[in-house]
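# Reading the structure
Take a look at the letters that make up each chain.
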Amino acid sequence: MAFEPSCPILDHITVLDLTRVRSGPTCVRQLADWGANVLKIETPSEAGSDMGGTRESSDFQNLQRNKRSMVLDLKSDAGKSIFLKMAETADVIVENYRPDVKHRLGIDYETIKSFNPRIVYASISGFGQDGPLSKRPGFDQIAQGMGGLMSITGAPGQGPMRVGIPIADLTAGGFAAQGVLLALLGREKTGEGQWVQTSLLQAQIAMLDFQATRWLMDDHVPQQAGNNHPTSIPTGVFETSDGFINIAVAGQHIWLRFKDEVGDERLSADIFATPASRSEHRDALSDVINENFRKDTSQNWIERLNKIGVPSGEINTIDKVFSNEQVRHLGIARDMNSIERGAVQVVGQPIIMSNADPSIQRPPPGKGEHSREILAEHGYSDAEIDAFANKGVI
């Protein structure tokens, strides 16, 4: 089946996808969902294929939609020649090899740029394309630790804790996609593409945000704070008569509303009068709040607090996330007809645009499903394609 864009916004952009595992496919998924013509290039070998999960896994299905797939042996002269020919007319190449691999294969940015100066070439690595640690193998949890996140996650005294999602992978992929789009916009002015680089380590550090500047600007090393906000108290998890809820009492004006609604005179004590004193006495404050919250249900507290402008919300398990009426209204769970699994749902784009709706135009492809189709689009004859297949190039 010929290219059918999932959205008109990027339907003029062709992407050569050399990625695997998560950070790279996350980047490319952004481009594919918004309409790019993504050609997923897969190795003939099965070695390392488990790094991206089996094709029928929910993870692979969610990551690899809206693409066409071809098999290509980039280690062969013929395979490399095919790739370079495809790169002549491509707009974007995305890869997340270790930094040296693309150079050994002869498909690095400078090589492609020499005959296609309009190429936007995105590279995602563990720790950067150069530097003293650039050759280390990268993995999300390693970046979480090296990037400081695990030192501020979890309860005090319980040791480092990873977060529940591969956040370095996901944000590196998101930043890479942003970089690709910026480079494409820049190309409209200059006529030239550029090399876009990011890494799991850089992405993780960027996501530290205010926790990083507490060190960079204030010389304060942030520590673990459990479910409490590190600076805005009381913000965190509190126990009700039937479970737990989150509240965010940020700022003095919200504190005064909250204190009055709870109605416990102990909250008017001097030790809770200012943000600084509430932070200093956070444990005592939490004890008073929990004692009061246990007298009513989660739903009643959420309704009472939100009614007076105090942010409060449920703490949902994943199944309850997708049954939530607001989540259903937003439509972020999207239908897809999977080759391997039939009718399923995947996570859609978290962006709503007034004149474009990214659809799930096609499920993840079978491995090499579109090899012949893609080669024909790039000018190869049936006889040439047969010869490539016979030699194991495709």
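What this report covers is the structure whose coordinates are included nearby.

About the criteria used
Along each chain, the written sequence defines residue order, and numbers are assigned to residues from 1. Two thresholds apply to this predicted model, a pLDDT of at least 70 for residue-level local features and 80 or more for giving and counting side-chain atom pairs, whereas whole-chain, interface and lining totals are computed over all residues. Here the side-chain values reflect all heavy atoms present in the structure, with hydrogen atoms and water set aside. Helix and strand definitions follow DSSP, with helices as H or I runs of at least four residues and strands as E runs of at least two, each counted in order from the N terminus. Type-normalised accessible area, obtained with a 1.4 Å probe on protein chains alone, sets the label of each residue: buried when under 20%, exposed when over 50%, and partly exposed for intermediate values. Every residue pair with non-hydrogen atoms within 4.5 Å of one another is taken to be in contact. Surface accessibility in these figures is a Shrake-Rupley result with a 1.4 Å probe; residues are shielded only by whichever protein chains are displayed. Side-chain rings of Phe, Tyr and Trp (the six-membered ring for Trp) are treated as a pair once their centres are within 6.5 Å; stacked means planes under 30 degrees apart, edge-to-face means over 60, and tilted covers the remaining angles. In this context, the arc is that of the directions from the helix axis out to the C-beta atoms. In short, DSSP must find at least two bridges between two strands for them to pair. Comment: axis = line fitted to C-alpha atoms, over the contacting stretch for helices; angle = value between 0 and 180 degrees taken between N-to-C directions. In this scheme, patches are assembled from residues that exceed 30% relative accessible area and form no salt bridge. Like charges are connected within 9 Å, while nonpolar side chains (Val, Leu, Ile, Met, Phe, Trp, Tyr) are connected within 5 Å. We count a salt bridge whenever a side-chain nitrogen from Lys or Arg sits within 4 Å of a carboxyl oxygen from Asp or Glu.

### Topic: the overall build of the protein chain
The number of helices and strands found in the protein chain is 17 helices and eleven strands. Taken over the C-alpha atoms alone, the protein chain extends approximately 85 × 45 × 40 Å along its principal axes. Counting every position in the protein chain, which comprises 394 residues, the buried fraction comes to 45%. Put simply, of all contacts in the protein chain between residues at least 6 apart along the chain, 70% involve residues at least 24 apart. As presented, the protein chain carries roughly 20000 Å² of accessible surface, and 53% of it is formed by carbon and sulfur atoms.

### Concerning the packing of aromatic side chains
Enumeration over the complete set of coordinates arrives at seven aromatic pairs. Each ring, one from F258 and one from F293, has its centre 6.1 Å from the other, and the planes form 65°; the classification is edge-to-face. You can see F258 sitting in helix α10 (residues 252-262) and its partner F293 sitting in helix α12 (residues 282-293), a full 35 residues away along the chain. Residue classification places F293 among the buried residues on the basis of a relative accessible area of 0%. On the numbers, 5.4 Å between centres and 75° between planes, the contact of Y380 with F388 is edge-to-face. Take Y380: its relative accessible area is 11%, and that puts it in the buried class.

### Some details on helix α13 (residues 298-307)
Given 3.6 residues per helical turn, the α-helix brings residues three or four places apart onto the same face. Three or more residues of α13 are buried, namely S298, W301, I302 and L305. Buried positions in α13, seen along its axis, are confined to an arc of 100° and lie on one side of it.

### As for the sheet that holds strand β5 (residues 120-125)
Spatially, the six strands line up as an open sheet ordered β3-β2-β1-β4-β5-β6, and their pairing is parallel. For this open sheet the edge positions go to β3 (68-71) and β6 (195-199), each flanked by a neighbour on one side alone. Averaged over all pairs of adjacent strands, the angle between strand axes in this sheet comes to 20°, irrespective of strand direction. Judged from the five bridges that link them, β5 and β6 form a sheet pairing that is parallel. Residue S125 lies in a different strand from β6, and its bridge partner there is S199. Contacting β5 and β6, helix α8 (residues 200-208) crosses the sheet at an angle of about 70° to β6.

### So, a nonpolar patch on the surface
Together, L133, F139, I142 and M146 make up a nonpolar patch on the protein surface, roughly 350 Å² of accessible area in all. In this structure, I142 sits in helix α6 (residues 140-146). When its relative accessible area of 41% is taken as the criterion, I142 is described as partly exposed.

### Describing the pairing of β3
Neither face of β3 is left uncovered, since the one carrying R68 and M70 and the one carrying S69 and V71 both have all their residues buried. Taken together, the four bridges between strand β2 (residues 37-42) and β3 define a ladder with parallel strand orientation. The residue of β3 that forms the bridge with E42 is V71.

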